[in-house]
Structure formats: structure tokens, C-alpha cells
Amino acid sequence: MANRLKTWLMGVGAAALATAAMAQDVPTLVVAASIDTASHGEAAGAVLVRDAAGRGRLVSAAGLAGLQVMDLTGALQGAVPAGEAGGLDLRYGFPLGGRAETLLVSTDRTNNALRFFAMRGDRPVEVGARAVPLGFAVEAVCLMRNAADGGFYAVAVGDGGEIEQLLLYATAEGRVDARSSRRINLPSKVKYCVADDATGDLYVSQQAVGVWRFNGDPEADAAPTLVDATGLGRISEESGSLALYDGGAGARYLIATDASSGRLFFYDHGAGDAFLGAVGLTGRDGAAVKEPGALQISGAGLTPDLPSGVLTATDEDAAAGPGYKLISIAALTGALGRPAGAPRDQGAVVAPRFPAVVPVVETVPVSSPGDAADDPAVWADPRHPANSLVIGTDKKAGLNLYDMQGRLLQHLPVGKMNNVDLREGFMLGGRPVVLVTASDRTNKAVAVYRLDVEARRLVDVADGLQPTGQGDPYGQCMYRSARSGKTYVFINDSNGEKRQWELVDAGNGKVRAVRVRDFAFSSQVEGCVADDATGRLYVAEEDVGLWSLSAEPDGGANMTMIARIADNPALKDDLEGVGLYDLGDGRGYLIVSSQGNDSYAVFRREGDQAYLGSFIIAADGARGIDGVSETDGLDVTSRNLGPGFEHGALVVQDGRNVLPAENQNFKYVPWTAIAGALGLEVRR
């Protein structure tokens, strides 16, 4: 944030000169129409909506008069109770009860809550499961559909600088409800907000400071950027309302009001929000619009006289009383010598870049804050699949053992365990056991445990400290050779050097690691998985791609590139966790975490190992489980893990555990959901 502010401040001198010049030469535009609402009540904000007959209707937030519907002459068509209606926004295409609804959200200032409505014919009908309380003095609300996962969000801003982002979802009863997914706090009043569904940008107007741009994806870093500021920039005293116009390439604009001068400021939303100029407004009576309030952009076709789109501005200070001004987008852009373009249809839905699945279980958060959870390993109980287990690393504190409901069964406070893996059938003391190993960064060693499947506990079986001789043991995976029956573990240093150890029975109920092979990658690697049936090892070189090589100790260092990041636009570094879904007979899928774009790439296990597609893991509001981002480690199995996971599951680390914000954890996704999203097979 400091670097962004420094960059912005470098332009302050030039901005001050531009502001002085602008004060001398600002075009003034006469509004296209005025809608007076003084006889109806307050005018706090309005949206233009297409009714069942295709005509434009104005829905006004009218304070204690609720939501009012007017035609474009200002004639009142109806009203619905909405508490003390303040801020107002809408989105088309919200899925509710098997139909796509036009969703409106309004702030209720009586109890500082959000209320939800759907346009049914020519009037709004309340469809909220409840009035969603915010716990702060709300100023305004805006809606967004997250381009990353298609989820709908409401963003409420408040008098104390609050920016609360809530995930919207449909309940089983066909109502709209919301869960808080992210809270950002600024030190003073935030008055307005607006979001861009296509880019994921969220803009807020901090009244005494200026206009900020944030990343609107709650699973991402907020990444604040200052667009303009009061005093230092172009805004004279107070930052006002905001709107976004999308007219296609070369005609995408952020519009902000300089509240004190009444001017509309234009910024090039398609080019880093560079300032383009300012426009003043007057009514048709020649009176200046002194302080435009809430702004709202409406697309083409809602008003016959304004085919290129409309900017609706609240005017609370008009001589005739409060009301709204309708302003031609084409006239506004023309006044600045800019194109209006072709406005995007308001009904258009921005599809996510990849198909989405949702997690159905999440583990309790790890005990350590920050970047702590890292890598899971799944054990499938062959006799009682519902008793299957997940081992997860807390790389700041140790190992955790979870059940299939995500409950914590055991925490081993054994130090910085980075990656973990397991293999069944290891002969220890003459009986087969489930052997678990982890990369121990605290002791720079191979940690070795036995999974006691009856007691559901991990038991240390290392024959003393098993040092790796590495400066930073990091990525790790296990391999059981079909050729020899021997069990191995691979651990790499964070510098890319990888070593292979054979795990042997030390004769005293303990396990010893014997070094058998060294090889190296040119840069950092971590995620890996071994295919026991084919004897291949797959390793993700984080900034390069996915490699394949022999997993046998005499396999040498010859490597084959399966997928290079530079050659596949669906991949974005870092490549992290790698897993194998086994269909049997040498068939199946490789799954790789593409951390840089919060997705998961799937490759064919056999043949040419072709790329088959990618998916994302989105939030499930009804279950209260958030989506997944910045995944480090993952594991996948095709074995039955119990109800809901009969054909296996993908278990992933979640780098940002929100809804609400908590320490990191692990999410469980049924394989059937992934198979359905990408047209893949399931193991029968």
C-alpha cells in the first residue's frame, strides 16, 4: 500500500496544475430530464429497472416511505415498505427458486440492516430471509458478481469507515440471505461504493480522503490503490458518489463526484483510472446541480430518448425539492471528447473463467495464525469408509488429524511440519501398518509416524532423528515400488535439490531412512506425487511447470515436461500441490494447484497426459463454507471415504479462510462434483 501511495503522490504536482487549469475550463451539460419526488418523500438513491413490458421504471429509496416505483415522468406507480430506505443497488440474474431474478438491495437505516427485493412485474417484492444486521451505521450499499467464481456479494459501507462484504445465497426456502465474508476498515466515513463485475474492482469513496480501488474478490488481497484524493489531488473538499460505465474497449469509465463543486470527474477505468476530465451539470431550468448525490448507471434501451445509456444522479438540493436527474452518457462522454462505445447489456452475466465446485466439509482452523496450514494426506478406511481420516500440516506447529466431518482428533505439537504423505502396507515388526512421513523443518529431518487406525492417533516410530542433511526440508511425497515392494520418501530443499530415502524396519519397532538418490531442479519445487503403479514421480517446479521422471532409486535425473506454465494460459505460477486420482488399469487424472489464479488443473494420467481443463472451488453460502484460494498442498483419492464421498474426494489447503475470517484450514470436495464440472470419470 505504501508503494502505491508513493506512486500516486508522485503525480500530485501535475494533478494540482491540472486542477487549476480545469477550474478555468470545465464543460457544463444540461441534464436530459428531471424527476421530482418532493410530493412522494425523500430521494436517497434510485435505479432504473426494466419492467415486464420492457419499459423503464425508476425505483427510488425514499427514506421512511420505503421503496417507490415511478414512471419516467415521476408519476408514482406504487410503493413497498422497506424500513428507512437509503442506499440502493441492483443486479440481474440472481438464481432464486429456479429462476433468474432482478435483485435489489436496500439499506434500512432504522436498524442498520440490508433488505433484499426481487422485481416481480413492475414492483419490488421482498425476498430476504431476514433483514441482515450490519452492526454499524450504514451509509450505502453496492452489489457485485465476483468474476472469479460467479458469486453474488453485497458491500455495505459505514459512517465509521467500515467496508463489509457479504456473500449472498439462496436458502432452501427460496429466500435471500447473506454471510459476512470480509471486513476492511478505513479510519473515517465511507460514503459510497461501486463494483465492476468484469474486472473484480471495488471502489469506495472515503469522504474526507478520496477514492480507493480494492480487489473485490474476498479470497484475494484487498490491494488498496488511491485513485484520487482531497486537497492533494483533484477533489476539492469532499469525495462524493461513484458509478462505473462499461462501453467496451476504450470506453470504460469511473465517474466520481467532487461533492463540494458539484462536478463529475471521469477516469479511464480501462487504463489504470487515469484522470480524463470533469463536467458540470445544470438542470433544464438553468440552475446548477450543486451537489449530486448517489449515482447509478443504467444500460441502453430503458429510456427511448437516451439510447446509449443513462446516468441517474440524486439531487437533494433542487429548488423544486428532492429528485433525480437523468443524464445522457453519450452527452457526458462527448463533452470530454471521449467515445460512449456500446454499453453492456445490464442483463449480461460475467461467467467465471473456470467451472466452479463447492466444498461440503471444512476442517476446524489450525491453531497458528498467518500462513500455517499447508499440506494434507488422506487415508481411506477400507472396512468403514466413514471412519476415513485426513492428516494436515500446521507448518508453524505440527501435525493435525481430522475426521471426515473436519473435526480435530489429534494435534501433535512437533514443530514445523511442511508436507505430509502416507502409504499403507509397510511391514513394521512383522505386521502391515499405515506409515506417515513429513518434512520436519524444525529439526531438518524426516519425521516418521504410524497411523493407529483403531485409536485414530499418530504414533512416532522414527528410529531417533532422521536428518536430511538439507538446509530447509520443504516439499515431500512418498512412493511404494510395484517392482521391489519397497517404500520411499522424497524430500526436497527449498533450493530445488531433491533426495530419495528408502524407509526400512530398524528391527526395534522403529523406522530408519536410508538415503538412496540425489537429483535437482533448477528452481524451487514443493508439490509432488508418486504413481506407485507406473513408477513415475510428478514434481511441480513452481515457476516453470509440471515434470515427470522415474520414481525408482536407480531412475537417474532424466525429466519430461508434462505442462509448462508459459505454454498454457490456464496455469499461473506458483504451481503447488499435486495429486493423483486413480481410475484403475493405469488410468486416471493428475490434479495440480495453480496458485496464481486460484484454480486446479487436471491432466490425463495415461497416454499423452493431455490437459483436460481447470476448475475453481467457490463458496457455499448455505453451508457457510467459503471458497478456496492460494492453495499450497492437496491430496486426492478415488477410494470410498463415506457418505457424500463414495467415489473419493479432493482435500485442499485454503490460503484464505473467510466467511468469517479465521486461521487457515482444509476443505473437502467430492470427486463427483469435479467430474461433473469437467466431464471426467469416477471410479466405480
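Residues numbered from 1 in each chain as written. Predicted model: local features only at pLDDT ≥ 70, side-chain atom pairs only at ≥ 80, totals over all residues. Heavy atoms only, no water.

**A word on the nonpolar core**
Right, on to step 1. Counting residues in each nonpolar core, the largest one holds 23 residues, and the members touching the most others are Val157, Ile163, Leu202, Val204 and Phe214.
Right, on to step 2. At the level of secondary structure, the elements contributing two or more residues to this core comprise strand S12 (138-145), strand S13 (152-158), strand S14 (162-170), strand S16 (190-195), strand S17 (201-206), strand S18 (210-215) and strand S19 (225-229).
Right, on to step 3. When neighbours within four sequence positions are excluded, Ile163 is seen to be in contact with Val155, Ala156, Val157, Arg182, Arg183, Ile184, Leu186, Val190, Leu202, Val204 and Phe214. (Core = buried A, V, L, I, M, F, W, Y, C linked by side-chain atoms within 4.5 Å. Buried < 20%, exposed > 50% of the residue type's maximum accessible area, 1.4 Å probe, protein only. Helix = DSSP H or I, 4+ residues; strand = E, 2+ residues; numbered from the N terminus. Contact = heavy atoms within 4.5 Å.)

**Some points on unusual backbone geometry**
Right, on to step 1. Cis geometry marks the peptide bond from Asp573 to Asp574; its omega dihedral reads 10°.
Right, on to step 2. By the element assignment, Asp574 lies in the loop between strand S44 (560-564) and strand S45 (575-584).
Right, on to step 3. Of note, the bond from Leu659 into Pro660 is cis; its omega dihedral lies within 30 degrees of zero at 0°.
Right, on to step 4. With respect to the helices and strands, the residue Pro660 is situated in the loop between strand S50 (649-654) and strand S51 (665-670).
Right, on to step 5. In this model, Ala223 sits at a positive phi of 50°, which is unusual for a non-glycine residue.
Right, on to step 6. As for its position among the elements, Ala223 is in the loop between S18 and S19.
Right, on to step 7. The partly exposed category is assigned to Ala223, whose relative accessible area is 22%.

**Here's the deal with the sheet that holds strand S38 (residues 487-493)**
Right, on to step 1. If you walk across this open sheet you meet the four strands as S37-S38-S39-S40, and the pairing is antiparallel. The open sheet has two edge strands with one neighbour each: strand S37 (473-480) and strand S40 (511-520). Here the strands of the sheet are splayed against their neighbours by 25° on average, with no regard to which way each runs.
Right, on to step 2. Pairing geometry for strand S39 (residues 497-505) and S40, over nine bridges, is antiparallel. Within S40, the residue paired with Asp505 across the bridge is Val511. (Pairing = 2+ DSSP bridges. Axes fitted to C-alpha atoms, helices over the stretch in contact; angles between N-to-C directions.)

**A few points about the pattern of salt bridges**
Right, on to step 1. The tally for this structure, following the rule as stated, stands at 43 salt bridges.
Right, on to step 2. When the shortest N-O distance is used, the salt bridge between Lys191 and Glu139 registers 3.1 Å. Here Glu139 lies in strand S12 and Lys191 lies in strand S16, a separation of 52 residues in the sequence.
Right, on to step 3. Its relative accessible area of 23% is what places Lys191 among the partly exposed residues.
Right, on to step 4. A salt bridge links Arg512 to Asp463, with the shortest nitrogen-to-oxygen separation between them at 3.8 Å. Note that Arg512 is positioned in strand S40 and Asp463 in the loop between strand S36 (457-460) and S37, a separation of 49 residues in sequence.
Right, on to step 5. The partly exposed category is assigned to Asp463, whose relative accessible area is 27%.
Right, on to step 6. By sharing partners, the salt bridges in this structure join Glu139, Asp159, Lys189 and Lys191 into a single network. (Salt bridge = Lys/Arg side-chain N within 4 Å of Asp/Glu carboxyl O.)

**Topic: the pairing of strand S42 (residues 536-541)**
Right, on to step 1. Of all six residues in S42, five are buried, a share of seventy percent or more.
Right, on to step 2. Direction of pairing for strand S41 (residues 525-531) relative to S42: antiparallel, over a ladder of five bridges. Within S42, the residue paired with Ala530 across the bridge is Leu537.
Right, on to step 3. A loop of four residues connects S41 with S42, the two strands running antiparallel in sequence, and Gly535 in this loop sits at a positive phi of about 75°.
Right, on to step 4. Relative to strand S43 (residues 545-550), S42 runs antiparallel, the two being bridged by six bridges. Each residue of the ladder has a partner; that of Ala540, found in S43, is Leu546.
Right, on to step 5. In this antiparallel pair of consecutive strands, S42 and S43, the connection spans three residues.

**Things to note about the sheet that holds S41**
Right, on to step 1. On the basis of which strands lie adjacent, the open sheet formed by four strands has the order S41-S42-S43-S44 and antiparallel pairing. Only two strands of the sheet have a single partner each, and these edge strands are S41 and S44. Taking each pair of neighbouring strands and ignoring which way they run, the sheet shows an average axis angle of 20°.

**Topic: the side chain of Asn597**
Right, on to step 1. Mapped onto the fold, Asn597 is located in the loop between strand S46 (587-594) and strand S47 (599-604).
Right, on to step 2. At 2.8 Å, the side chain of Asn597 and the side chain of Ser594 are in polar contact.
Right, on to step 3. Setting aside its immediate chain neighbours within four residues, Asn597 contacts Arg353, Phe354, Ala570, Leu571 and Lys572. (Polar contact = N/O pair within 3.5 Å; in protein donor to acceptor, adjacent residues only side chain to side chain.)

**A look at the packing of aromatic side chains**
Right, on to step 1. A full pass over the atoms with the stated rule returns 15 aromatic pairs.
Right, on to step 2. Aromatic side chains Phe265 and Phe275 sit 5.6 Å apart centroid to centroid with 85° between the ring planes, which places their arrangement in the edge-to-face category. Taken together, the positions of Phe265 in strand S22 (residues 263-268) and Phe275 in strand S23 (residues 274-282) put the pair 10 residues apart, joining distant regions of the chain.
Right, on to step 3. Here Phe265 falls in the buried class, since its relative accessible area comes to 1%.
Right, on to step 4. Centroid distance Phe603 to Tyr611: 5.6 Å. Interplanar angle 55°. Geometry classified as tilted. (Phe/Tyr/Trp six-rings, centres within 6.5 Å; stacked < 30°, edge-to-face > 60°.)

**What about the confidence of the model for the protein?**
Right, on to step 1. Model confidence for the protein is summarised by a mean pLDDT of 92, while 94% of its residues fall at 70 or above.
Right, on to step 2. Segment residues 1-23: pLDDT under 50, and 21 contacts once partners within four positions in sequence are set aside and those in other chains are kept. (pLDDT = per-residue confidence, 0-100.)

**Some remarks on the environment of Arg499**
Right, on to step 1. Of note, Arg499 is situated in strand S39.
Right, on to step 2. The exposure class assigned to Arg499 is buried, which follows from its relative accessible area of 13%.
Right, on to step 3. The spacing of Arg499 and Val516 is 17 residues in sequence and 7.7 Å in space, taken between C-alpha atoms.
Right, on to step 4. In this structure, Arg499 is in contact with Thr468, Gly469, Gln470, Val489, Phe490, Ile491, Arg515, Arg517 and Asp518, ignoring residues within four places of it in sequence.

**Observations regarding a negative patch on the surface**
Right, on to step 1. Together, Glu237, Glu238, Glu291, Glu316 and Asp317 line one region of the surface with negative charge.
Right, on to step 2. With respect to the element layout, Asp317 can be found in the loop between strand S25 (310-315) and strand S26 (323-328). (Patch = residues over 30% accessible without salt bridge, like charges linked within 9 Å, V, L, I, M, F, W, Y side chains within 5 Å. Areas by Shrake-Rupley, 256 points an atom, 1.4 Å probe, with all protein chains shown as cover. Lys, Arg positive; Asp, Glu negative; His and termini not counted. Charge placed at Lys NZ, Arg CZ, Asp CG, Glu CD.)

**Considerations on the state of the cysteines**
Right, on to step 1. A full pass over the atoms with the stated rule returns two disulfides.
Right, on to step 2. With a sulfur-sulfur separation of 2.3 Å, Cys142 is cross-linked through a disulfide to Cys193. An S-S torsion of about -125° defines the bridge between Cys142 and Cys193 as left-handed. Linking Cys142 in strand S12 with Cys193 in strand S16, this pair joins segments that are 51 residues apart in sequence.
Right, on to step 3. Judged by relative accessible area, which is 1%, Cys142 ranks as buried.
Right, on to step 4. Assessed through its relative accessible area of 9%, Cys193 is described here as buried.
Right, on to step 5. Two residues, Cys477 and Cys528, share a disulfide whose sulfurs are 2.2 Å apart. As the torsion about the S-S bond is roughly -120°, the Cys477-Cys528 disulfide counts as left-handed. (Disulfide = S-S within 2.5 Å.)

**Observations concerning the pairing of S26**
Right, on to step 1. Counted residue by residue, S26 has six buried out of six residues, so it is predominantly covered.
Right, on to step 2. Where burial is concerned, the two faces of S26 agree: the one with Gly323, Lys325 and Ile327 and the one with Tyr324, Leu326 and Ser328 are both buried.
Right, on to step 3. As defined by bridge partners, strand S2 (residues 33-36) adjoins S26 across four bridges and the pair is classed as antiparallel. Its bridge partner lying in S26, Ala33 is registered against Leu326.
Right, on to step 4. As judged from the six bridges shared by S25 and S26, these two strands associate in the antiparallel manner. Bridged to Ala313 within S26 is Lys325.

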